[in-house]
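An overview of the molecular structure
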Amino acid sequence: MAFSIPKNEKLKSKKQIERLFVDGKSISNYPLKLIYQKVDSLGENDSKVAFIVPKKNFGGAVHRNRIKRLLREGYRLNKHLIFNNIEGKFTFAIIYIGKDMPNYQMIKENIQGLFNKFIKKTTHEKME
RNA sequence: UGAGCAGGUCACCUUAUCGCUCCUUUCGAGGGGAGGAAAGUCCGGACACCAUAGUGCAGCAUAGCGGGUAACGCCCGUCCGUCGCAAGACGCGGACAAGUGCAACAGAAAGCAAGUACAGUUAGGCUGUAGUGAAAUCAGGUAAACUCUAUGCGGUGCAACGCCAUGUAAACCAGUGUUUGAGGGCUGCACGCCCGAGUUGGAGGGUAGGCGGAUUGAAUUUUUGGGCAACCAAAAGUCUAGAUAAAUGAUGAGGCUCGACAGAAUCCGGCUUAUGACCUGCUUUUUUU
RNA sequence: GGCCACGUAGCUCAGCUGAAUAGAGCACUGGAUUUCGGCUCCAGCGGUCGGGGGUUUGAAUCCCUCCGUGGUCA
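A brief report on the enclosed structure follows. (Residues numbered from 1 in each chain as written. Chains lettered and ligands numbered in written order. Predicted model: local features only at pLDDT ≥ 70, side-chain atom pairs only at ≥ 80, totals over all residues. Heavy atoms only, no water.)

Here's the deal with the pairing of strand β1 (residues 25-29)
Put simply, the rule is: Pairing between strands requires that DSSP locate at least two bridges from one strand to the other. Labels follow the DSSP assignment, with helices taken as runs of H or I lasting at least four residues and strands as runs of E lasting at least two, numbered in each case from the N terminus.
Here β1 pairs with strand β2 (residues 32-39) via five bridges, running antiparallel. Note that in β2 the partner of Ser 28 across the bridge is Lys 33. Between the antiparallel neighbours β1 and β2 lie two residues.

Section: helix α2 (residues 61-78)
Quick reminder of the rule: Multiply 1.5 Å by the residue count of a helix minus one, and that product is the helix's expected span. Only protein chains enter the accessibility calculation, which uses a 1.4 Å probe. A residue is then buried if its area is under 20% of the maximum for its type, exposed if over 50%, and partly exposed in between. Working definition: the arc comes from the directions between the helix axis and the C-beta atoms, pointing outward to the latter.
The end-to-end C-alpha distance of α2 is 26 Å, a good match for the 26 Å that 18 residues give at a rise of 1.5 Å each. All of the buried residues along α2 are Arg 64, Ile 67, Leu 70, Leu 71, Gly 74, Tyr 75 and Asn 78. The buried side chains of α2 occupy one side of the element, clustering within an arc of 135° when seen end-on. Looking at α2, the residues exposed on the side facing more than 90 degrees away from the buried face are Val 62 and Arg 69.

Description of the nonpolar core
What counts is decided by this rule: Within this scheme, the nonpolar core is defined by two criteria: the residues are buried Ala, Val, Leu, Ile, Met, Phe, Trp, Tyr or Cys, and they are joined through side-chain atoms within 4.5 Å.
Core analysis: the largest hydrophobic core is formed by 25 residues, its most contacted members being Leu 71, Tyr 75, Phe 92, Tyr 96 and Phe 118. Taken together, the elements giving at least two residues each to this core come down to β2, β3 (48-52), α2, β4 (89-96) and α4 (104-127). When residues of this core are assigned to their parent elements, the largest contribution, six residues, is made by α4. Of all hydrophobic cores here, the second largest spans six residues; its members include Leu 20, Ala 50, Ala 93 and Ile 95.

Some remarks on the packing of aromatic side chains
For any pair of aromatic rings, geometry is given as the distance between the ring centres together with the angle between the planes. Operational definition: Only Phe, Tyr and Trp rings take part, Trp by its six-membered ring, and two of them pair if their centres are within 6.5 Å. Stacked means planes under 30 degrees apart, edge-to-face means over 60, and tilted covers everything else.
Counted by the stated rule, this structure contains eight aromatic pairs. Between the aromatic rings of Tyr 75 and Phe 115, the centroid separation amounts to 6.2 Å while the plane-to-plane angle is 85°, which identifies the pairing as edge-to-face. Placement of Tyr 75 in helix α2 and of Phe 115 in helix α4 is noted, with a sequence separation of 40 residues between them. Judged by its relative accessible area of 1%, Tyr 75 is buried. Note on Phe 92 and Phe 118: the rings are 5.5 Å apart at their centroids and 80° apart in plane angle, and the pair reads as edge-to-face.

Notes on the protein's contact with RNA strand B
Just so we agree on the cut-off: Any residue with a heavy atom lying within 4 Å of a molecule or strand is counted as near it. The definition of a polar contact used here is a pair of N or O atoms within 3.5 Å, where within protein one atom must be able to donate a hydrogen and the other to accept one, and adjacent residues in sequence count solely through side-chain atom pairs. In the scheme used here, Gly and all other residues not listed as nonpolar or charged are polar, with Ala, Val, Leu, Ile, Met, Phe, Trp, Tyr, Cys and Pro taken as nonpolar and Asp, Glu, Lys and Arg as charged.
RNA strand B sits among 21 residues. The nearest are Lys 7, Lys 10, Leu 11, Arg 66 and Arg 76. Between RNA strand B and the protein, one listed contact pairs a phosphate oxygen with a side-chain N or O atom of Arg 66 at 2.5 Å. Broken down by secondary-structure element, the contributors of at least two residues to the surface near RNA strand B are α1 (14-23) and α2. Residues that form the surface near RNA strand B fall into these classes: eight nonpolar, three polar and ten charged.

This is how it looks when you write it as C-alpha cells:
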C-alpha cells in the first residue's frame, strides 16, 4: 500500500459527514479523537478521512493549517496499521481537541496509539 | 556614542527522499505552487445582473489652492494653523455678512434684550477700564448642531451571474386578478420605462452535485525621455498560485544572524492594524575620544 | 467570501435631540417587621459607559480607528 492520500480518500460529502457525526462511534487518545463509522460500500471504493481542528481553540488560520498538515502526515505514514489488519470500509474524522501547539513527534505517537486502540476495539466488536 | 526624525530592503537558505495541488506530456517524466500585510472590510474601481442607468425629491459622501490617477476619503506639491530646541509630524482646513437651534456653572446680561462699579466730560449721553466666562453690541461663540454652498454618488453583490445534471407536486386550502391590468423588475418615495397571466398567504414536500465565471492584468522588469514630485510616454523583455471539505508538510544532511507577524478564495488601486532584522540620510545636545 | 447589527452595575435593560448626581428591576449587605424564615418597607454597596485617539469650554452621547459578540445571504 502506498503512503499517499489521494482525493478519493478524503471525506468530502456533506451528507456523509453529517451521518458520521450523528451515528459514528468515537475513541479518544488525548489530544486526539477519532470518530468512525463502518459503511456499506455502495459504489464507494475507499475509506475516507477528514481532519478537523476547532476554530475555538486555534483562532489563527496558520496554526490550524499547521496542525491539520501534521495530522494528515501522521495518517499518511501510519494508515497501513489499520488497513493491513482490518477488513471493510470506514469513514473517519480525526479531531484535535488539545489547546497547545503540538510537534510532529507527538502527533505521530498519538496517531499510532489511536490506531492501535481502534484496531483492538473493532476486532473485539467483531468477535462479539 | 546617547536621544530622536524620515525613507528603503529582506522575510532563513541549499539539497535528497516520501507526500499534496495545478499545467504540459513522447506516459518515462518535466515545470509552477501564499503575503507584505494574503488580515480588518474602512474607501475607490473593474466585472456581472437589474432600462446601454432615465427625471425630480429625499438620502449619503467629500471640503484651503493646484496637480496625478480608471477612480478615490489615496498620492504629490504648496499656503495657513497647531505641536516640537531641531530634523520633522499632524490637521473633517468652505460658509454663523441667509435662516433656525444650542450654550451647564459663573455672570447684570449668552439676543424680541439688559446695563454694575470706577475714571474722563458741566449734565444728558458717549468713551475707556474692571469683573464672570470657552465666548460679552463684537457683523459675538458653536456647522465631527440642523442648515447653506460647491462637487460627486442608480441598486445589489462572484453565495453576482450563465449553463448542465438530479428530484418533486402544473397536488391541497384561503384571498385577489386576466386588457376596465392583479402582480412583478429596474431604490426609499413620486414619475417614467419594461414584463405581464398569474400572484400572495397557510400547511407540507424535494434538490442542495458538477462546469464556466477564475486568472494576462489600469500586470511587471530594464533602459531612455518629460516633470520639483506623485506620475506619464516610448522601446525591448518576462509569464508570476488558481484550490472547491479547499493544495506548501515530514524526515535526513550542511550553513548562518537560529528565523517576528502571519495562510490566497473574482481581481486590482489605496488606507488602517499586527510584526522581526538590517541599511541609508538627517537633527540635537550631552557623555567619551 | 460578502452584507448587517449590538457592546452601559454581577445579570436584564433605560439614557445616545452633548452639560445637572449615568438611572430602573433582579441580585448582594445592613436595619425594621416576625418566636424564626419568607413576603413587605427603609437605607446602602456596586460603573475604565468594550479599548485608544480626535472635535468641543465640556463626550456614555458626535467623528475616526482597533477589539469582542451575534445575525443573515446558495
